[in-house]
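Summary of the model geometry
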Amino acid sequence: MFNHTNILLLSFALVAFSIRTCVKDTNTSEVKDIVVPLEVKPDSLASNKNSFDECSEITRGVLITFCGSCHQSSLDSHKAAAIEVFDLDMKANWHTYLSEENLQGIARRTQNKSTITKHQKEAIATFLNLKEAQLQQ
């Protein structure tokens, strides 16, 4: 009887814990800004080449979804001024002409998109950090 009671209590605790962790907390506030720390040292850029390339490609994929209609020269909907900032059709070189101001614009435009995953947001932040460090060299 004692084991049966323990099993019942443990089961109840697990169910309560599962329900508590699965219920959306409506009291949390939305993230307002992506904070992009600028503490990347130029020496670390060479060792972060693969990370930069990977994060650049993830960022490019996200931007194709949200900004592609204006920033892809292959589309009829592209805008000439947008293509001057960056052309997502340039594949790995899409970010060549970005300025610090453009990086801030990318951060603003991607910060509150609910369909961007946590992994993608981290990759975007890493890309922005590393690109910022490149621009400061």
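Residues numbered from 1 in each chain as written. Predicted model: local features only at pLDDT ≥ 70, side-chain atom pairs only at ≥ 80, totals over all residues. Heavy atoms only, no water.

**Some words on the overall build of the protein**
- Within the protein, the regular secondary structure consists of six helices and zero strands.
- Overall, the protein shows an N-to-C arrangement of helices and strands of α-α-α-α-α-α.
- Burial statistics for the protein: of 137 residues in total, 28% are counted as buried.
- Contacts in the protein between residues far apart in sequence, at least 24 positions, make up 63% of those at least 6 positions apart.
- Accessible surface computed for the protein: about 9,700 Å², of which carbon and sulfur atoms make up 56%. (Helix = DSSP H or I, 4+ residues; strand = E, 2+ residues; numbered from the N terminus. Buried < 20%, exposed > 50% of the residue type's maximum accessible area, 1.4 Å probe, protein only. Contact = heavy atoms within 4.5 Å. Areas by Shrake-Rupley, 256 points an atom, 1.4 Å probe, with all protein chains shown as cover.)

**Structural notes on the pattern of salt bridges**
- By the definition in use, this model includes one salt bridge.
- Residue glutamate 57 pairs with arginine 60 through a salt bridge whose shortest N-O separation is 3.1 Å. Of this pair, glutamate 57 and arginine 60 both sit in helix H3 (residues 49-71), separated by three residues, roughly a single helical turn.
- Accessibility expressed as a relative area gives 9% for arginine 60, which makes it buried. (Salt bridge = Lys/Arg side-chain N within 4 Å of Asp/Glu carboxyl O.)

**Considerations on the nonpolar core**
- Of all hydrophobic cores here, the largest spans 19 residues; its most connected members are Leu63, Phe86, Trp94, Leu98, Ile106, Phe127 and Leu128.
- Counting only elements with at least two residues in this core, the list comes to H3, helix H5 (100-110) and helix H6 (118-136).
- Apart from the residues within four sequence positions on either side, leucine 98 is in contact with Val85, Phe86, Leu103, Ile106, Phe127, Lys131 and Leu135. (Core = buried A, V, L, I, M, F, W, Y, C linked by side-chain atoms within 4.5 Å.)

**Overview of the packing of aromatic side chains**
- In this structure the tally under the stated criterion is three aromatic pairs.
- With a centroid separation of 5.5 Å and an interplanar angle of 70°, the aromatic rings of phenylalanine 86 and tryptophan 94 are classed as edge-to-face. Side by side, phenylalanine 86 and tryptophan 94 carry an identical accessibility label, which is buried.
- Members of the aromatic cluster, joined through ring pairs, are Phe52, Phe86, Trp94 and Phe127. (Phe/Tyr/Trp six-rings, centres within 6.5 Å; stacked < 30°, edge-to-face > 60°.)

**A look at the side chain of arginine 60**
- Side-chain polar atoms of arginine 60 contact the side chain of glutamate 57, separated by 3.1 Å.
- Excluding residues that lie within four positions of it along the chain, arginine 60 makes contacts with Leu88, Asp89, Lys91 and Trp94. (Polar contact = N/O pair within 3.5 Å; in protein donor to acceptor, adjacent residues only side chain to side chain.)

**Overview of the packing of H5 against H6**
- Axis separation between H5 and H6 bottoms out at 10 Å; the angle between their running directions is 170°. As the angle between them shows, H5 and H6 are arranged roughly antiparallel. On the side of H5, the interface is formed by Glu100, Leu103, Ile106, Ala107 and Thr110, while H6 contributes Ile124, Phe127, Leu128, Lys131, Glu132, Leu135 and Gln136.
- Its residues assigned to classes, the contact of H5 with H6 comprises seven nonpolar, two polar and three charged. (Axes fitted to C-alpha atoms, helices over the stretch in contact; angles between N-to-C directions. Parallel < 35°, antiparallel > 145°, perpendicular 65-115°, else oblique. Nonpolar A, V, L, I, M, F, W, Y, C, P; charged D, E, K, R; others polar.)

**A look at H3**
- Between its first and last C-alpha, H3 extends only 25 Å over 23 residues, short of the 33 Å set by a 1.5 Å rise per residue.
- Where H3 bends most, at threonine 65, the angle is about 70°.
- Of all the positions in H3, only Phe52, Cys55, Ser56, Ile58, Thr59, Arg60, Val62, Leu63, Cys67, Gly68 and His71 are classed as buried.
- Close packing links the buried residues of H3 with helix H4 (80-85), H5 and H6. (Expected span 1.5 Å × (residues − 1). Bend = angle between axes of the 7 residues up to and from the residue.)

All we've got here are geometric facts, nothing functional implied.
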